[in-house]
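What follows is each chain in one-letter form.
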Amino acid sequence: MSRAAAAGAGGGPAVEIAKRAAVPTAAAAFADVAFDRLPELYDRVFSQLFAALVGRGIEPAGAPYGLYTRVGETVDVQIGVPLGAALVEPFALDEEVEIRGFELPAGTVASTVHVGGYDGLPAAWQALVAELRAAGREAVQPCWEVYLDQPQPGGDPRGLRTELVTLVR
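Everything numeric here is computed off the predicted structure, so don't read it as measured data. (Residues numbered from 1 in each chain as written. Predicted model: local features only at pLDDT ≥ 70, side-chain atom pairs only at ≥ 80, totals over all residues. Heavy atoms only, no water.)

**Student:** I'm lost on the environment of Ala61 in this one. Help?
**Tutor:** Relative to the elements of secondary structure, Ala61 occurs in the loop between helix H1 (38–55) and strand E4 (65–71). Separated by 38 residues in sequence, Ala61 and Val23 have C-alpha atoms that sit 9.5 Å apart. If we skip the residues at most four places from it in the chain, Ala61 touches Pro82, Leu83 and Gly84. (Helix = DSSP H or I, 4+ residues; strand = E, 2+ residues; numbered from the N terminus. Contact = heavy atoms within 4.5 Å.)

Structure representation (C-alpha cells):
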C-alpha cells in the first residue's frame, strides 16, 4: 500500500493506492438512472436487502456499497453488499428488483474516505480524481462508494463516512 498523495498535498484527505482482490457481492443492477432517482433506489434496496439475505441464511461480509459501471448524464449502478462467498441463486427483492451475484473488481485501486453528507460526494470524487492526476494516475471505471455508517432519520450527516474507491492505471 502506498500513499498517492498525502493529506494536504491537494488540500484533501489522503489517497491510498493498493491492490485488492475481487469480492463477491449480492446486488441489484440498474441502468440509465437519473442522479435524482439514486436516493430512492438506495433506500428501496437497502431497506429490504439485509433481511432478505439473512432470511436465506446469507450473512453480509462488509458494509453496503454502490458500484458505478457507467457515469454520464445518467448512471448504471449496482447497489448491494459484499458476501463471504458467491451468491449462487438470484432472487427477487420485490416485483421489480432482482438480486444477483456480482463482484467488486480486483485490481489496483485508489481510495479515500469522505466525511460528511452525501451531498458532498460529487466534490469528494472531483478531489480524488484531481489528487490522482497530480500523482500521475488515472481513475478508470468502475468506481464505487462504501457506506461505512448508516444514516439515521433526523441524524446529523456531517459525521457520515463514505469510502470512495476507483480502479486506477
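Moving on from the model shown.
**Student:** Could you clarify how one ought to interpret unusual backbone geometry in this entry?
**Tutor:** With glycine set apart, most residues show a phi of negative sign, and most peptide bonds adopt trans. Look at the link from Gln141 to Pro142: it is a cis peptide, with omega at 0 degrees. Looking at the secondary structure, you find Pro142 in strand E9 (residues 139–147). One non-glycine residue with positive phi stands out, namely Asp32, at about 55 degrees. Within the element layout of this structure, Asp32 appears in strand E3 (residues 23–34).

**Student:** Would you explain the packing of aromatic side chains in this entry?
**Tutor:** Ring pairs (aromatic) are described by centroid distance and by the angle formed between their planes. As enumerated under the stated definition, the model contains 5 aromatic pairs in all. Measuring from ring centre to ring centre gives 5.5 Å for Tyr42 and Tyr147, while their planes differ by 85 degrees; the resulting arrangement is edge-to-face. With Tyr42 in helix H1 and Tyr147 in strand E9, the pair connects residues that are 105 residues apart, well separated along the chain. On the accessibility criterion, Tyr42 (10% relative accessible area) is buried. Over the ring of Phe91 we find Arg56, and its NZ or CZ is 3.8 Å from the ring centre. (Phe/Tyr/Trp six-rings, centres within 6.5 Å; stacked < 30°, edge-to-face > 60°. Buried < 20%, exposed > 50% of the residue type's maximum accessible area, 1.4 Å probe, protein only. Lys NZ or Arg CZ within 6 Å of the ring centre and 35° of its normal.)

**Student:** How should I be thinking about the layout of surface pockets in this particular structure?
**Tutor:** Unfilled space is identified by rolling a water-sized probe across the atoms. The calculated volume of the largest pocket comes to roughly 1,100 Å³. Surrounding the largest pocket, 32 residues form its lining, Tyr42, Tyr68, Leu121, Glu145 and Tyr147 being those nearest its centre. Every element with two or more residues in the lining of the largest pocket is listed here: H1, E4, helix H2 (121–134) and E9. With 7 residues, H1 is the single largest residue contributor to the lining of the largest pocket. Of the volumes computed, that of the second largest pocket is approximately 150 Å³. Taken together, Arg20, Ala21, Val23, Gly62, Ala63, Tyr65, Pro82, Leu104, Pro105, Trp144, Val146 and Glu163 make up the lining of the second largest pocket. The residue inventory of the lining of the second largest pocket, partitioned by class, reads 9 nonpolar, 1 polar and 2 charged. (1 Å grid on protein atoms, 1.4 Å probe; cavity = no way out; pocket = protein on both sides within 12 Å on 5 of 7 lines; lining within 4 Å. Points joined across faces, edges and corners; volume = space filled by probe spheres on them. Nonpolar A, V, L, I, M, F, W, Y, C, P; charged D, E, K, R; others polar.)

**Student:** How should I be thinking about the pattern of salt bridges in this particular structure?
**Tutor:** Evaluated as defined, the whole model comprises 9 salt bridges. A salt bridge links Arg44 to Asp94; the nearest nitrogen and oxygen atoms lie 3.0 Å apart. Taken as a pair, Arg44 in helix H1 and Asp94 in the loop between strand E6 (91–92) and strand E7 (98–104) lie far apart in primary sequence, 50 residues in all. Notably, a salt bridge pairs Glu98 with Arg100, separated by 3.7 Å at the nearest N-O pair. What makes Glu98 partly exposed here is its relative accessible area of 43%. (Salt bridge = Lys/Arg side-chain N within 4 Å of Asp/Glu carboxyl O.)

**Student:** Mind showing me how you'd approach the nonpolar core here?
**Tutor:** In summary, soluble globular proteins display a tendency toward joint burial of nonpolar side chains. Core analysis: the biggest nonpolar cluster contains 34 residues, and Phe30, Val45, Tyr68, Val77, Phe91 and Ile99 have the highest contact counts within it. Of all elements in the fold, only strand E2 (15–20), E3, H1, strand E5 (74–82), H2, E9 and strand E10 (161–168) reach the threshold of two or more residues within this core. In terms of residue count, the dominant contributor to this core is H1 (7 residues). Ignoring any residue separated from it by four or fewer positions in sequence, one finds Ile99 in contact with Ala26, Ala27, Ala28, Leu49, Leu87, Pro90, Phe91 and Leu93. Ranked by size, the runner-up nonpolar core spans 11 residues in total, among them Leu67, Phe102, Val146 and Val165. (Core = buried A, V, L, I, M, F, W, Y, C linked by side-chain atoms within 4.5 Å.)

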